[in-house]
Amino acid sequence: SLPTETLLGNPRRVLTMSFFANLFGFGGSSTDDDSFSSRGVLYELNEHGGWNCGYPICKLVVTQRELEGFVLTVCDVDGAEELRFRALQLRSICAQDGPMNAGVQFSVVNGCTYLFECAEDSTPESDPVVQALLKVAESQRENEEQHREELRALSTLSPVQAEGCGNVTGNQIEGQLLLWNSSSQAHCLLHPEVTVKLTTSGDYQYNLCVEGAGFFWAQPVSESMQLQYSKVDKGFQWICQTETSLFSWRVRVTGGDEKEFNENFCTVLYEHKTKESFAKKVKKDDRDWMYGSTYADSVDVPESDDELEEESEMFIEGELEDDEQTSKAFSTAGGNSCLAVSTMERNDRSFVSRGSEIGVFKTNPEGVKYTATIRARQGDTEVQPNQIMMHEQDSKMILVDPDRLSTLYCMDVETETIVDEWKTDEDAFKVRSILPEEKYAQQQPKSTFVAVNGAAAFLIDPRLGATKHVEHYGFQMAFSTNPQLTCAATTGNGEFVTGSRTGAIRMMDQKTFTERNTNESRRRRAKTQLPGFGDPILGIDVTEDGKWVLATCEKYLLVISTELEGDVTGFQKPMGKNKRAPLKLRLKPQDVAVVGNVSFTPAKFNTRHVTHSSGEIERTVVTSTGQYVITWNFRHVKKGRLQEYQVFFSSFCAFFLF
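Residues numbered from 1 in each chain as written. Predicted model: local features only at pLDDT ≥ 70, side-chain atom pairs only at ≥ 80, totals over all residues. Heavy atoms only, no water.

**Quick notes on the overall build of the protein chain**
A tally of helices and strands in the protein chain yields eight helices and 46 strands. The burial tally for the protein chain puts 54% of its 658 residues in the buried class. Considering only intrachain contacts with a sequence separation of at least 6, the fraction spanning at least 24 residues in the protein chain is 54%. Total accessible area on the protein chain is roughly 29,400 Å²; 46% of this is exposed by carbon and sulfur atoms. (Helix = DSSP H or I, 4+ residues; strand = E, 2+ residues; numbered from the N terminus. Buried < 20%, exposed > 50% of the residue type's maximum accessible area, 1.4 Å probe, protein only. Contact = heavy atoms within 4.5 Å. Areas by Shrake-Rupley, 256 points an atom, 1.4 Å probe, with all protein chains shown as cover.)

Structure follows, in structure tokens:
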């Protein structure tokens, strides 16, 4: 039997290469390790119900892909690709006699119907492509039956389950309830009239309840719901995960104030996560800023833009693969902990740490290749870094060991040995992370850099004596404020932004590390402080010009505009009530089912590799979760096109953290 994977509540049959190998006995030719083909004639159904001979001599190629199951490609006699269909695009597959020989008929989602007629020396029973298509038909029938069973089960839930959900809070909306069907790749109507409301049982515990005639559904409010509101479609969409299935619900709003409901949901979600009152904790100027982040799209999305590149397929199979040499030489120290990529155009190396081993990889247009392993040792001391940073035009690499927070290790990149230890004060100047003083300072022969811990940021100057911290260049936050800093980034001219465990984001001007701090307690006020959404900031990045900040939380990314009137930013002037709502980047609920549990790694603005002086232009937003790399076109994001992204699958994601 075929293996299955759960896709939004429906076990989808995955046609694996082991299955394809079993079909090779039926004939056909293998084109490579991941595909096979058959020759024949392809007809297209015309408007009169007859068959037009579209390709009198063609080749159908079935290629295995990790995400789609397989891809069906139609090639002409010379092998040039003419048509391509993913398995999920195929409909109504059945055996069918052609004008001259037997074959298989299928439709695709665009409405076209085709008939593939086997070659004269072949039969449907011996043709591997025909058999593969018929297997897809069988799988689709099983999916449809499974879906019908789920609908019947959900429709029989008793309204008595509403007991214990608590009191209604806020307004309610009316609409149609739809459920995502993975077989048809669309939302199907489950109930024509439902009421959606939020309830509370106290202690910041909330439920989302959907109720209709003979139907009731409730689930606890949490970030894992990934609830998204579309202004354009006037609908809410969210995820519900049970012990055995993952469902994508959608409510098409027909009555009630959906804007008020959306704001109410944002409020109760914040209170559930922080266990604090939204009204008391969040300033009035910040509330609209937070409410605006829940929209999945923008009402002013352009219909067309010639300057914007067209996106290709949502899911693309990665070309980076682990090789046997890498596995043998670089697999003994557990999972990866950090990544450092060359900052210089002449250098094509990247470094990935695992325990005390640092893997060296060469990057080029053809891909990524493992080249060597460095042992991070200083005498008898084994260094296990959780952060590595290129330094002084890639001539050095700085290592941060979480077990030795008052010591930094300097490795000479050419000799691949640790050549120096840099000490800081064990009490006030512990180092949890490091970053360049300006965004591209690593491309310059600059010695100083910035260190950060939970409550402070300060300069490190290796040219100093016994301790390397520069005491009066930086800041120390009051411990009473419990800042819990987790990450930081700098702009091209040295403006400074931090993220925190509470979700707060602080922006400081370029004087932070260039002007002596004369305050006795080293306090420094942020120009702008943005409230958190109740989720820790795992990573933060900023564009070179400081006009956009990118913050990573576990389930979503925040893209924040810092621009203000007068050609200034939130780094130079408080943003106050003039700030624009942040853009929240998330996966669509139906894609979460393919990717699995979402846990984003720190996202970065990906740029073209140019020199510091030429001005870097940020092209994409890049992150990863599990073995998937997700990219958003940054220009599209700024236009409000938040649901357009690409997902790349690659076993090599196990090596690289983004």
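**Quick notes on the sheet that holds strand β26 (residues 396-400)**
For sheets, the rule is that strands pair by backbone hydrogen bonds, running either parallel or antiparallel. Ordered in space as β25-β26-β27-β28, the four strands form an open sheet in which the pairing is antiparallel. Pairing within the sheet leaves two strands with one partner each, and these edge strands are β25 (387-391) and β28 (417-423). Each neighbouring strand pair of the sheet contributes to a mean axis angle of 25°, computed without reference to strand direction. Direction of pairing for β25 relative to β26: antiparallel, over a ladder of five bridges. (Pairing = 2+ DSSP bridges. Axes fitted to C-alpha atoms, helices over the stretch in contact; angles between N-to-C directions.)

**Section: the sheet that holds strand β30 (residues 449-452)**
Spatially, four strands are ordered β29-β30-β31-β32 in an open sheet, and the strand pairing comes out antiparallel. In this open sheet, the two strands that pair with only one neighbour each are β29 (433-435) and β32 (469-476). Shown here is a sheet whose adjacent strand axes are inclined to one another by a mean of 30°, direction ignored. Judged from the five bridges that link them, strand β31 (residues 456-460) and β32 form a sheet pairing that is antiparallel. Bridge pairing in β32 places leucine 459 opposite valine 470.

**Describing the side chain of asparagine 633**
With respect to the helices and strands, the residue asparagine 633 is situated in strand β45 (residues 628-633). According to the relative accessible area criterion, asparagine 633 is buried, its value standing at 8%. Within the local environment of asparagine 633, its side chain forms a polar contact with the backbone nitrogen of arginine 635, the two atoms lying 2.9 Å apart. (Polar contact = N/O pair within 3.5 Å; in protein donor to acceptor, adjacent residues only side chain to side chain.)

**Description of the pairing of strand β16 (residues 235-241)**
Counting buried positions along β16 gives six out of seven residues, so the element sits mostly inside the fold. The hairpin formed by strand β15 (residues 228-230) and β16 contains four residues between the paired strands, and lysine 234 there has a positive phi angle of roughly 50°. Relative to strand β17 (residues 246-255), β16 runs antiparallel, the two being bridged by seven bridges. Across the sheet, residue cysteine 240 finds its bridge partner in β17, namely phenylalanine 247.

**Details of the pattern of salt bridges**
For the structure shown, the criterion picks out 19 salt bridges. When the shortest N-O distance is used, the salt bridge between glutamate 357 and arginine 375 registers 2.3 Å. Here glutamate 357, found in strand β21 (residues 357-364), pairs with arginine 375, found in strand β22 (residues 367-375); they are 18 residues apart in sequence, far enough to count as distant. Under the relative-accessibility criterion, glutamate 357 is labelled buried at 5%. For arginine 375, a relative accessible area of 49% translates into the label partly exposed. The shortest N-O distance in the salt bridge between arginine 463 and aspartate 461 comes to 2.9 Å. The exposure class assigned to arginine 463 is exposed, which follows from its relative accessible area of 62%. (Salt bridge = Lys/Arg side-chain N within 4 Å of Asp/Glu carboxyl O.)

**Digging into the nonpolar core**
Of all hydrophobic cores here, the largest spans 28 residues; its most connected members are Trp238 and Trp249. Broken down by secondary-structure element, the contributors of at least two residues to this core are β11 (167-181), β12 (186-202), β13 (205-212), β14 (215-220), β16, β17 and α3 (258-274). With residues near it in sequence (within four places) discarded, tryptophan 238 still touches Leu208, Val210, Gln219, Met225, Gln226, Leu227, Phe247, Ser248, Trp249, Val251 and Pro589. Met507, Ile537, Val549 and Met575 belong to the second largest nonpolar core, which has 26 residues in total. (Core = buried A, V, L, I, M, F, W, Y, C linked by side-chain atoms within 4.5 Å.)

**As for helix α5 (residues 284-291)**
Among the residues of α5, Asp286, Trp289, Met290 and Tyr291 are the ones counted as buried. Looking at the buried residues of α5, the elements they touch are α3, α4 (278-281), β36 (528-530) and β39 (557-561).

**Quick look at the environment of valine 251**
Looking at the element boundaries, valine 251 is found in strand β17. Residue classification places valine 251 among the buried residues on the basis of a relative accessible area of 1%. Expressed as a C-alpha distance, the spacing of valine 251 and valine 194, which sit 57 residues apart in the sequence, is 8.5 Å.

**So, the state of the cysteines**
Under the criterion given, the structure shown has zero disulfides. Cysteine 553 forms no disulfide, and the closest cysteine sulfur to it belongs to cysteine 487, at a distance of 9.1 Å. Take cysteine 553: its relative accessible area is 1%, and that puts it in the buried class. (Disulfide = S-S within 2.5 Å.)

**A word on α3**
A rise of 1.5 Å per residue sets the reference length of α3, with its 17 residues, at 24 Å; its end C-alpha atoms lie 24 Å apart and thus fit the reference within 8%. For α3, the buried fraction is high: 13 of the 17 residues fall into the buried class. For α3, the N-terminal cap is aspartate 257; the gap from its side-chain oxygen to the backbone nitrogen of lysine 259 is 3.1 Å. One or two positions beyond α3, positive phi appears at lysine 275, with a value near 60°. (Expected span 1.5 Å × (residues − 1).)

**Brief notes about the pairing of β12**
Relative to β12, β11 is paired through eleven bridges, and the arrangement is antiparallel. Bridge pairing in β12 links leucine 179 to cysteine 188. By the bridge criterion, eight bridges tie β12 to β13 in an arrangement that is antiparallel. Pairing of glycine 202 across the sheet is with glutamine 205, part of β13.

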